[in-house]
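Chain residues, written in single-letter form:
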Amino acid sequence: MSSITPADVPAGTATGAKGVDGEGPRRPGRVSLGGVSLNLRSSGIYIAFALIIVLFSVLTDGALLQPQNISNIIVQNSYVLILAIGMILVIIAGHIDLSVGSVVAVTGALAAVLMVNMGVAWPLALLITLVAGALIGAWQGYWIAYFGIPAFIVTLAGMLLFRALTLTVLGNQGIGPFPDQVRTLANGFTNGYLGNIGLGPLGGADLFSLLIGLIAIAGMLVSQLRTRNARKGYGQAVEPMALFALKMTAGAAVILFLVVQLARFKNLPWVLVLLAVLVLGYSMLAGRTVFGRQIYAIGGNLQAAVMSGVKVKSVVFWIFVNMGVLSAIAGIIFAGRLNQAGPTAGNSFELDAIAAAFIGGAAVQGGVGKVAGAITGGLIMAVINNGMSLIGSPSERVMLVKGAVLLAAVAFDVWTKRRAGGTR
């Protein structure tokens, strides 16, 4: 007998609800605008993101959306977005990881020691660093999955242990500079392989970057159409075609605008290429693989997952191994961007990654969340940081706004759950 996991059913959709293209009973977390049913829980984050961009674009007189500033937002926040990808999977499974900032620091220190002090070739040094991140994740995953210690305690201990190890390796000084290839990965841009193309009043832009943007739009359309048709085939409710077309048009416009602005500056940052590969890969992992559905099942209903034959301990173990690897990638990117590994690297990164996941729609109890949502949550914080910096706001005001946004996101999640419970 097959079982239904949270990955099979869209958030806010009642199992067995009849109808396609929005037909059927009204579900909690949905509003109707002009006859169009909108799922606030899954779409609200993107609406909020758009409103925040519009707000800061007005407050900064358009400086927020200038090509160089957009590039800076991506490059300066890339490591948090990488951490958010791993953190969303940890939170979906019902756990938390407080150690990622310290793991970023210790893996960056390891990479620096290997490449700078010991003269190890950079490809081998990066490979060793990624393996070290996996071993750190395996160490923590063992205590959580097989020994039964709560993830909060294990990763809190890890935060202290790996920070102490970083200070032991580096002392009070940084190690650098890094090889050019590592710095290019963190700060560099793709070359203009096909030359520039004129864009009228917008000026010239790199043709290769524009083609990449068009390929990304085509891929998004094909993927979303396949997902929509698959849900219709299983009798699940989907949004009306008009709303679907509107969402695809908006998504395509955003991607095209982003790529055009980047192509007008220095082309696509290499770290954006890395992020795109990670987002695509982990989105497929979470939504289209057995392992991904098991993660949702564990976070949604642990007892049901066990009874369905899910190897919970193994899944949880590998989630933390994955988190360790992504932390090592973030550590390399952060150290490469600064061109040195420092003892204070990674401070509060765990809080930024956790906030990105919750702002992006992850549920406090687990079982709900998307990789794209976590990336959006991270970008919301990045835009708030950047926008308030452009208008000259003090750091305490930035923290105030970010805290209020995080509280509002979690409060909305709790509110939608209470509404869902009250309608059953």
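Just so we're clear, the structure is a prediction, and the values are computed from it rather than from any experiment.

Reading guide: rules and limits
- Residues numbered from 1 in each chain as written.
- Predicted model: local features only at pLDDT ≥ 70, side-chain atom pairs only at ≥ 80, totals over all residues.
- Heavy atoms only, no water.
- Patch = residues over 30% accessible without salt bridge, like charges linked within 9 Å, V, L, I, M, F, W, Y side chains within 5 Å.
- Areas by Shrake-Rupley, 256 points an atom, 1.4 Å probe, with all protein chains shown as cover.
- Salt bridge = Lys/Arg side-chain N within 4 Å of Asp/Glu carboxyl O.
- Helix = DSSP H or I, 4+ residues; strand = E, 2+ residues; numbered from the N terminus.
- Buried < 20%, exposed > 50% of the residue type's maximum accessible area, 1.4 Å probe, protein only.
- Phe/Tyr/Trp six-rings, centres within 6.5 Å; stacked < 30°, edge-to-face > 60°.
- pLDDT = per-residue confidence, 0-100.
- Contact = heavy atoms within 4.5 Å.
- Axes fitted to C-alpha atoms, helices over the stretch in contact; angles between N-to-C directions.
- Left-handed = near helix turned anticlockwise from the far one by under 90°.
- Nonpolar A, V, L, I, M, F, W, Y, C, P; charged D, E, K, R; others polar.
- Expected span 1.5 Å × (residues − 1).
- Arc of directions from axis to C-beta.
- Parallel < 35°, antiparallel > 145°, perpendicular 65-115°, else oblique.

### Digging into a nonpolar patch on the surface
Phase 1 of the analysis: A surface patch of nonpolar side chains, amounting to about 450 Å² of accessible area, comprises Leu 124, Leu 127, Ile 128, Val 131 and Leu 135.
Phase 2 of the analysis: On the secondary structure map, Ile 128 appears in helix α5 (residues 122-146).
Phase 3 of the analysis: Of the residues examined, Ile 128 reaches a relative accessible area of 34% and is grouped as partly exposed.

### With respect to the packing of aromatic side chains
Phase 1 of the analysis: Overall, the coordinates contain 9 aromatic pairs when judged by the stated rule.
Phase 2 of the analysis: Aromatic side chains Trp 139 and Trp 143 sit 5.6 Å apart centroid to centroid with 80° between the ring planes, which places their arrangement in the edge-to-face category. Separated by 4 residues within a single helix, Trp 139 and Trp 143 lie in helix α5, roughly one turn from each other.
Phase 3 of the analysis: Of the residues examined, Trp 143 reaches a relative accessible area of 25% and is grouped as partly exposed.
Phase 4 of the analysis: Here a set of aromatic residues connected by ring pairs shows up, and it is made of Trp 139, Tyr 142, Trp 143, Tyr 146, Phe 147, Phe 317 and Trp 318.

### A few points about the confidence of the model for the chain
Phase 1 of the analysis: Mean pLDDT over the chain: 83, with 85% of residues reaching 70 or higher.
Phase 2 of the analysis: Mean pLDDT values for the elements of the chain range from 52 in strand β1 (residues 30-33) up to 95 in α5.
Phase 3 of the analysis: Throughout residues 1-28 the model reports pLDDT below 50, and contacts reaching past four residues in sequence, or to other chains, amount to 47 contacts.

### Describing the packing of α5 against helix α13 (residues 312-338)
How two helices sit against one another is set out by the angle between their axes and by the gap between those axes.
Phase 1 of the analysis: Interaxial distance between α5 and α13 falls to 7 Å at its minimum, and their mutual angle equals 145°. Helix-helix and strand crossings are classified by hand; for α5 and α13 the assignment is right-handed. Here Leu 126, Thr 129, Leu 130, Gly 133, Ala 134, Gly 137, Ala 138, Gly 141, Tyr 142, Ile 144, Ala 145 and Tyr 146 of α5 lie close against α13, whose contacting residues are Lys 313, Ser 314, Val 316, Phe 317, Phe 320, Val 321, Gly 324, Val 325, Ala 328, Ile 329 and Ile 332.
Phase 2 of the analysis: A per-class count over the contact of α5 with α13 returns 16 nonpolar, 6 polar and 1 charged.

### Considerations on helix α10 (residues 270-288)
Phase 1 of the analysis: In this model α10 runs 27 Å from its N-terminal to its C-terminal C-alpha over 19 residues, within 8% of the 27 Å that 1.5 Å per residue would give.
Phase 2 of the analysis: For α10, the complete set of buried residues consists of Val 271, Leu 272, Leu 275, Leu 278, Tyr 282 and Ala 286. The buried side chains of α10 occupy one side of the element, clustering within an arc of 120° when seen end-on. Set apart from the buried face of α10 by more than 90 degrees, the exposed residues are Val 277 and Leu 280.

### Some points on the pattern of salt bridges
Phase 1 of the analysis: One pass over the full model with this rule turns up 2 salt bridges.
Phase 2 of the analysis: Lys 402 serves as the salt-bridge partner of Asp 352, at 3.8 Å between the closest nitrogen and oxygen. You can see Asp 352 sitting in helix α14 (residues 349-359) and its partner Lys 402 sitting in helix α16 (residues 395-422), a full 50 residues away along the chain.

### Brief notes about the side chain of Ser 71
Phase 1 of the analysis: Among the structural elements, Ser 71 can be located in helix α2 (residues 67-76).
Phase 2 of the analysis: Residue Ser 71 is classed as buried on the basis of its relative accessible area of 1%.
Phase 3 of the analysis: For Ser 71, the contacting residues outside a window of four places in its chain are Phe 189, Leu 262, Phe 265 and Pro 269.

### Considerations on α14
Each α-helix winds once per 3.6 residues, and so residues spaced three or four apart point in a common direction.
Phase 1 of the analysis: With respect to burial, α14 is a largely interior element, 10 of its 11 residues being buried.
Phase 2 of the analysis: Those residues of α14 not exposed but buried are Phe 349, Glu 350, Asp 352, Ala 353, Ile 354, Ala 355, Ala 356, Ala 357, Phe 358 and Ile 359.
Phase 3 of the analysis: Of the residues one or two after α14, Gly 361 is the one with positive phi, at around 110°.

### Brief notes about the packing of helix α4 (residues 100-117) against α13
Phase 1 of the analysis: Two elements in contact, α4 and α13, have axes separated by 7 Å at closest approach and are oriented at 60°. Taken together, the axes of α4 and α13 lie oblique to each other. Considering how the two elements wind past one another, α4 and α13 form a crossing that is right-handed. Only Met 323, Gly 324, Ser 327, Ala 328, Ala 330, Gly 331 and Ala 335 of α13 make contact with α4, whose side of the interface consists of Val 100, Val 103, Val 104, Thr 107 and Gly 108.
Phase 2 of the analysis: Residues of the contact of α4 with α13, tallied by class, amount to 7 nonpolar, 5 polar and no charged.

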